[in-house]
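Each chain, written out:
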Amino acid sequence: MTEKYDHKAIESQWQSVWEKDKAFSTKDTVEKEKYYVLEMFPYPSGKIHMGHVRNYSIGDVISRFLMMRGKNVLHPMGWDSFGLPAENAAIQHGIHPAKWTYENIENMKKQLMRMGLSYDWDREVATCSPEYYRWNQWLFLKLYEKGLAYKKRSSVNWCPGCSTVLANEQVEDGLCWRCDSVVEIKELEQWFFKITEYAEELLDCTNRMPGWPEKVLIMQRNWIGKSTGAEVYFRLEGSDESIKIFTTRPDTLFGVTFMSLAAGHPAIEKITTPDRREEVEKFVAKVKGESKNQRINPEDIVKEGVFTGTYCINPLTGDKVPVYVANFVLMEYGTGAVMAVPAHDQRDFEFAKVYGLPIKVVINPADVELDPASMDKAYVDEGIMANSGIFDGLPNTAAMDAIIDHLEEKKAGKRSINYKLRDWGISRQRYWGCPIPMIYCDKCGTVPVPDDQLPVILPENVVLTGKGLSPLASAADFANVKCPNCGSSARRETDTMDTFVDSSWYFLRYISPKNDRLPFDKNEARYWMPVDQYIGGIEHAVLHLLYSRFFTKALRDLGLHDFDEPFKNLLTQGMVCKEIVKCPEHGYLYPEEVKDGKCVMCGKAAIIGAVEKMSKSKKNVVDPDKIISRYGADTTRLFSLFAAPPEKDLDWNEEGVEGASRFLGRVWRLVVENLEELNRTAPYNASKDGSLEGAPKDIHHVTHKTISKVTQDIGERFHFNTAISSIMELVNALYQFQNRNSEIDAKVFREAVEAVVLLIAPFAPHISEELWRKLGHDTPVFRTPWPAVNEGALVKEEVTIVIQINGKVRSKISVPAGSGEDAVKELVMKDEKAVEWTKGKEVKKFVYVPNKIVNMVVA
């Protein structure tokens, strides 16, 4: 009786073997070519989801494939384990964040091991462990010493739902990226990392990163937002002080009719006249309470402003220009002050119309003179300069540089480059994060915690309420400390670091996870870095990925390593999606809440909706544990890789999972039902066993064609779906290869079956190990060399070509059918008789009649 495919027993057995043998433990050896493959590490929420399954399966295919290709593969895993969810769970359920986090890590680690992933668990890190965040603090202090970490009072994004500050990158459409609360603006003392110091290099390097998706590079370029233009000084009327603006349109300077300031501009308080103060202060308070996104997108709001009572002077015309505070200007962009040119900027045009401000045309279309009184919108295209003094008649594009030269001559401005990117605010007013290692002393000022006092341990006896500022501020044993310099009473910094700091360098800690002298060893970094293949979601394009690039460059400049970019290649995998089901009365439904097409709670017809990203809130999630229990890890992995290319969204369907399961069952039966025959002979060897004809030749051809295709699809293109499809075609061909009557037949069959087992191994490692063992091999599959392609076997048919020299037949050769003239000529000139007849002579003419004859004329 044929042994049945028991995925539970097989997967459990091999997972135990791999764990016991530390099968995937990586050695730091320079004798082998390295390959560092890494998936973005997860937040330990408690359970993995299908997005995790897909992401980690992609990385595991690459890892296992390259192990079999002889590379020294580093494939680690860890936990991005600080963050608000743990703190919120503590508040809601009365459990300490550390307990909640480590229990979740334990559970998720079991789930990942159940997937059969080839992780080197000896290198596991958890960012919430003191052994890790000690080095966060150490790196903070090194950045502080270099002037790349500093503290200042600033307007910050405040999330009332999370009770903490958000970086600009964490505000999405005016909402908190985590909880969707409307973000407010607050004034707080905050620690910053000087990412702007690296703006130009971060931007420039995006032109030398061919392994990254262009869409990610575009997102980063847009976020950095480089603009070239002019810095211009508008002197305040009756004062020696000026308002500084940045403009990319110096050609419109002669058309400035008012000035707009952001509500947070520091000059407002000083320049507002007493009679305007009450109205200005009221307006400023109103604007600061608005969604920043509304003000970024001017089409979303009515343009509003208030006159400060003060004027500034246009440095080129001498005109008095009224200074307004406007709701569409942001401090985060440029200088927080914008020169307004209503005739040539639509936003300014709308504002001028509302407040009755002048509109002055300084650029006309060719052969047309615009009338400000009849304009219904701003003219924003190229044209000819007008009303611009000595620059009249010039094309506006040609006038730009000339006007900047003129500004510099008058000392009224200068050429300038501006970036949209702002320094990274890292202070967070929450408990469950890395303490910032700074102390405040009344005598000594701001004092760094000495290296030998690191780590600053996060205290456990803290009351968490979720309200107000940092909970650490009320922990007297933590907050009250002696100054390291003078011994006087002092206070610790009670903010914690943004958790994106933790993930900005974790890939380096994997290299030296046990190093207690440095965050990582420079020589080990020189061997392993950069990461060869990084895998994760595109949602991290301007958060984690940009921060990691900044950290890598900053640490390089600290002398800790000598490379420029952290990730050589980046794959942004698509989402896992599933159709939603809704009840008219009860909203979204889980599958178990639907029976016979109706809601089990009210009996109303369930409505099948669109396919959308899996989400708990929409009840269209699939529990990986249930799928693995029912079908096995190999099937789950195989489906997630077969259903769509990695970079595309994957539409989940149970039928596809069942199809993957049936295929693995066919592979199983192909081996076990023919095991006696398979183990009687060795695989076919062309150099020993001679040539093939008929069906064996066809199978041999299909086998090596499949090896070639799968090798390219995995190694060059990550087309896992087409690789799996090719293996399926080979399995189908082997089921048709029934009449195996000779020893050669058996050898060819064995060669093909072994190829199937090896080719499927990166996708379905458990069944592959089991079948490989049944085929009599002691070496594990992942340590077995990847099957080599026999190039000769790829040629299915050959034809005989007659070689005619100077009108006489001199030889015949066999060439692959369909060969081109260049390939045939190369073979002809290697033929022994052709060489003899052409020796010492010049080939005057070479004519090839495809698949038939070669005519040569030599002399």
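Above this text sits the structure in question.
First, a word on what this report is: a plain description of the structure on this page.

Parameters and conventions
- Residues numbered from 1 in each chain as written.
- Predicted model: local features only at pLDDT ≥ 70, side-chain atom pairs only at ≥ 80, totals over all residues.
- Heavy atoms only, no water.
- Helix = DSSP H or I, 4+ residues; strand = E, 2+ residues; numbered from the N terminus.
- Buried < 20%, exposed > 50% of the residue type's maximum accessible area, 1.4 Å probe, protein only.
- Contact = heavy atoms within 4.5 Å.
- Axes fitted to C-alpha atoms, helices over the stretch in contact; angles between N-to-C directions.
- Left-handed = near helix turned anticlockwise from the far one by under 90°.
- Nonpolar A, V, L, I, M, F, W, Y, C, P; charged D, E, K, R; others polar.
- Pairing = 2+ DSSP bridges.

### A word on the environment of F349
Line of reasoning, step 1. The residue F349 is located in helix α11 (residues 346–355) in this model.
Line of reasoning, step 2. On the basis of relative accessibility, which here comes to 4%, the residue F349 falls in the buried class.
Line of reasoning, step 3. Excluding residues within four positions of it along the chain, F349 makes contact with P342, I359, M375, D376, K377 and A378.

### Section: the packing of helix α20 (residues 654–672) against helix α25 (residues 743–760)
Line of reasoning, step 1. At a closest axis distance of 11 Å, the pairing of α20 and α25 adopts a crossing angle of 145°. Remark: the crossing between α20 and α25 carries left-handed chirality. Within the contact between the two elements, α20 uses F663, V667, L670 and V671 and α25 uses F749, V753, V756, V757 and I760.
Line of reasoning, step 2. Classifying every residue of the contact of α20 with α25 by side-chain character gives nine nonpolar, no polar and no charged.

### Re the sheet that holds strand β19 (residues 438–441)
Line of reasoning, step 1. Spatially, β20-β19-β22-β21 is the arrangement adopted by the four strands of the open sheet, whose pairing is antiparallel. For this open sheet the edge positions go to β20 (445–448) and β21 (480–482), each flanked by a neighbour on one side alone. Ignoring strand direction, the axes of neighbouring strands in this sheet form an average angle of 40°.
Line of reasoning, step 2. As paired elements, β19 and β20 share four bridges and run antiparallel to each other.

### Points about unusual backbone geometry
Line of reasoning, step 1. Cis geometry marks the peptide bond from L454 to P455, where omega comes out at 0°.
Line of reasoning, step 2. Of note, P455 is situated in the loop between β20 and α13 (476–479).
Line of reasoning, step 3. Here the bond from M529 into P530 is cis, since omega is 0°, no more than 30 degrees from zero.
Line of reasoning, step 4. You can see P530 is positioned in the loop between α16 (522–528) and β24 (533–536).
Line of reasoning, step 5. Even without being a glycine, K22 presents a positive backbone phi close to 45°.
Line of reasoning, step 6. The residue K22 is located in the loop between α1 (7–21) and β1 (34–39) in this model.
Line of reasoning, step 7. Phi at N851 is positive, roughly 65°, even though this residue is not glycine.

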